[in-house]
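Descriptive analysis of the structure
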Amino acid sequence: MRQLLIPKYERFDFNQTEVEEINEEGEKVKKPFLEWTDENNQKKILSVNTGIEEISRLFDKYLEQLKIFATTKSALMGPVGKILEQARVKGLDAEFLKGYGISTHKNTIKTPLDSEVLKPFESAIDLLSLLLQKVPRHMRPKAIEIISYKVYYRREKANVEFWEKWRKDFEEFLKNKYQNIKALIKECKLEELSKKRGIKDFQSIVQLPKKLRTKELQGIVDEFNKMRKEIIFEGEGEEE
Amino acid sequence: MDNRRAGVNPIKYSIIYETPNFIIIPLPLTFKYNEDEADVNIILKRFLFASYLYLLTNCAVMIIPGKEIIHVPPSRKIVHVQPNATIKQIIKDDWVSLHDLKKWMVAISAAVKLAYEGNYSHRSGTFEVLTQPTVGHILARITSQKTRSGVPKRVDSRLINILDKLQTTEVLKNETVVDTKI
């Protein structure tokens, strides 16, 4: 009878830090799964899960410097999303991925590339290609998916924390600048809106959606942003 | 111990576990919120209730449905989780020890909230949350939902807090606290 060829996949544990290998003498020897030296020259032995954690940390460090304030996942991830897609579809060569990443960075991101931006970016891609080469082929898409969602979570969390702090600081800025809420409403011509939405304190002015801001209020927001020296790209930044 | 009131056939309970600090609750009524709620969700809720009961009374707790025959193994721990094929994917033992109790309590209560926020199924939403690979998956699900006014849902610090708590429990498959050998 004809035998069916069904590929046998060995059970692969994402938490394993050791691998069994057969040496020249034919004996089974245990070896570390992946050795890695980080930016502080510390040697580490990684499993897939800890490797993924390290990669997402490095990518997060890179994205932190780009200051992307977006709402969607693909926009938040910047070039990282595209690099991961290429790693899934095309190949795991580190230089190919770096080149692809740099070109997408130049085309889409306004922050210029310098050594500080490039350092975590390069080491993340090095580790990514090293790790994925050790993961069985059928498990690679899963590992890449996990990396992308981890990076997304870190970015979204940082984004939420940033806006939370921004709102608090802006409220304090308004409190110091104006004696009471009525003076602010009068200067920003918000009389009608305050009747509609029941604006009674500074907090409700801070939480006002961008669409409803008057020119005068927008001017105050811009002044505050200049004072903080925050670069917020138009249209991407604030929550609506 | 008699559950004739609930309309279940009476069972003769033959085992008596001779310890002063052990509670067995035969419970014919379930913790069903919806009619079509799955067993896994109910077991998780029962487990959460049992662990609160443990904290209150400082006794080992075992909640079982009225129809089942009680079997208490000699090596029991703190809280009993009713064995079920699906629940074994996340809670591997029948008994949860004191060491793991806090972790599971935090994880399940976070999962109940997140299942509601992410609009997971009413049938087994809590279980679905606990089987996600990472918290990023749950976050993406929440942000893909829309509010009543049709605007995409935004995440606030309260939700991030809950997600962080779930992440630190390490209940999710691919969430690990980084511990690396040097």
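The structure we're discussing is the one just above.
The shown structure was predicted, so the numbers you read here are calculated from the model rather than taken from an experiment.

1. Quick look at the overall build of chain A
- Looking only at helices and strands, chain A has 10 helices and 4 strands in total.
- For chain A, whose C-alpha radius of gyration is 25 Å, the value lies well above the compact-globule estimate of 18 Å for 240 residues.
- Within chain A, the fraction of its 240 residues that count as buried is 43%.
- For chain A, the proportion of contacts with a sequence separation of at least 24, taken over those separated by at least 6, is 62%.
- Accessible area of chain A: about 14900 Å², with a carbon and sulfur share of 48%.
- Taking the average location of the 46 positive side-chain charges in chain A and that of its 42 negative ones, the two points are 5 Å from each other.

2. A short note on the side chain of A:Asn49
- Structurally, A:Asn49 is set in helix α1 (residues 48–64).
- Residue class for A:Asn49 comes out buried when judged on its relative accessible area of 1%.
- A polar side-chain atom of A:Asn49 sits 2.8 Å from a polar atom in the side chain of A:Asn15.
- Of the polar contacts made by the side chain of A:Asn49, one reaches the side chain of B:Asn174; its length is 3.0 Å.
- Here A:Asn49 is in contact with A:Phe14, A:Asn15, B:Lys173, B:Asn174 and B:Thr176, once residues within four sequence places are set aside.

3. Some words on the interface of chain A and chain B
- Taken together, the contact pairs 23 residues of chain A with 25 residues of chain B.
- The contact between chain A and chain B buries some 2200 Å² in all, and 57% of this surface belongs to carbon and sulfur atoms.
- The tally of links from chain A across to chain B stands at 1 salt bridge.
- The partner of A:Lys157 in a salt bridge is B:Asp164, and the shortest N-O contact between them spans 3.0 Å.
- At the junction of chain A with chain B, the criterion picks out 7 residue pairs in polar contact (both at pLDDT 80 or more).
- Elements that contribute at least two residues to the side of chain A that touches chain B include exactly β4 (43–46), α1 and α6 (140–177) of chain A.
- Among the elements that make up the side of chain A that touches chain B, the one with the highest residue count is α6(A) (10 residues).
- Here the side of chain A that touches chain B is built from residues that sort into 8 nonpolar, 6 polar and 9 charged.

4. Overview of the nonpolar core
- Within the largest apolar cluster, 89 residues are counted, with the highest numbers of intra-cluster contacts made by B:Phe47, B:Ile91, B:Leu114, B:Leu130, B:Ile138 and B:Leu166.
- In this structure, B:Leu166 is in contact with B:Ala107, B:Ala110, B:Leu114, B:Val129, B:Leu130, B:Val135, B:Ile138 and B:Leu172, ignoring residues within four places of it in sequence.
- Counting residues in each nonpolar core, the second largest holds 23 residues, with A:Leu174, A:Ile181, A:Leu184 and A:Ile199 among its members.

5. Let's talk about the pairing of strand β2 (residues 28–32) of chain A
All names here are of chain A.
- Judged from the 5 bridges that link them, strand β1 (residues 18–22) and β2 form a sheet pairing that is antiparallel. Its bridge partner being in β2, Val19 is matched across the sheet by Lys31.
- The turn joining β1 and β2, which pair antiparallel and follow one another in sequence, is formed by 5 residues; a positive phi near 85 degrees is taken by Gly26.

6. Looking at the packing of aromatic side chains
- Considering all chains together, one arrives at 13 aromatic pairs over all chains under this definition.
- Taking 6.2 Å as the distance between ring centres and 20 degrees as the angle between the ring planes, the aromatic pair formed by A:Phe170 and A:Phe173 counts as stacked. In this pair, A:Phe170 and A:Phe173 both sit in helix α6, 3 residues apart, roughly one turn of the helix.
- Classification of A:Phe173 by relative accessible area gives buried; the value is 14%.
- One aromatic cluster in this structure is built from A:Phe69, A:Phe162, A:Trp163, A:Trp166, A:Phe170, A:Phe173 and A:Phe224.
- Lying over the aromatic face of A:Phe14, A:Lys142 brings its terminal NZ or CZ to 5.1 Å of the ring centre.
- Lying across the ring of B:Tyr120, B:Arg141 places its NZ or CZ 4.4 Å from the centre.

7. Quick word on the environment of A:Leu128
Residue and element names in this part refer to chain A.
- Here Leu128 shows up in helix α5 (residues 115–134).
- Accessibility expressed as a relative area gives 0% for Leu128, which makes it buried.
- When the C-alpha atoms of Leu128 and Ser56 are compared, they prove to be 9.6 Å apart, with 72 residues separating the residues in sequence.

8. With respect to the pattern of salt bridges
- A complete count under the given rule lists 21 salt bridges over all chains for this structure.
- In this structure, B:Glu37 and B:Lys45 form a salt bridge, with 3.0 Å as the shortest nitrogen-oxygen distance.
- Exposure remark for B:Glu37: the relative accessible area of 5% places this residue in the buried category.
- Each member of the salt-bridge network shares a partner with another, and the members are A:Asp38, A:Glu39, A:Lys44, A:Glu54, A:Arg57 and A:Lys61.

9. Structural notes on the packing of α5(A) against α6(A)
Residues and elements named next belong to chain A.
- Close contact between α5 and α6 brings their axes to 10 Å; oriented N to C, the two are set at 145 degrees. Note that α5 runs across α6; the crossing there is right-handed. Of the residues in α6, those touching α5 at Leu128, Leu132 and Gln133 are Arg140, Ala143, Ile144 and Ile147.
- Classifying every residue of the contact of α5 with α6 by side-chain character gives 5 nonpolar, 1 polar and 1 charged.

Conventions we followed
Residues numbered from 1 in each chain as written. Chains lettered and ligands numbered in written order. Predicted model: local features only at pLDDT ≥ 70, side-chain atom pairs only at ≥ 80, totals over all residues. Heavy atoms only, no water. Helix = DSSP H or I, 4+ residues; strand = E, 2+ residues; numbered from the N terminus. Rg over C-alpha atoms; globule rule 2.2 N^0.38 Å. Buried < 20%, exposed > 50% of the residue type's maximum accessible area, 1.4 Å probe, protein only. Contact = heavy atoms within 4.5 Å. Areas by Shrake-Rupley, 256 points an atom, 1.4 Å probe, with all protein chains shown as cover. Lys, Arg positive; Asp, Glu negative; His and termini not counted. Charge placed at Lys NZ, Arg CZ, Asp CG, Glu CD. Polar contact = N/O pair within 3.5 Å; in protein donor to acceptor, adjacent residues only side chain to side chain. Buried area = accessible area lost by both parts, 1.4 Å probe. Salt bridge = Lys/Arg side-chain N within 4 Å of Asp/Glu carboxyl O. Nonpolar A, V, L, I, M, F, W, Y, C, P; charged D, E, K, R; others polar. Core = buried A, V, L, I, M, F, W, Y, C linked by side-chain atoms within 4.5 Å. Pairing = 2+ DSSP bridges. Phe/Tyr/Trp six-rings, centres within 6.5 Å; stacked < 30°, edge-to-face > 60°. Lys NZ or Arg CZ within 6 Å of the ring centre and 35° of its normal. Axes fitted to C-alpha atoms, helices over the stretch in contact; angles between N-to-C directions. Left-handed = near helix turned anticlockwise from the far one by under 90°.

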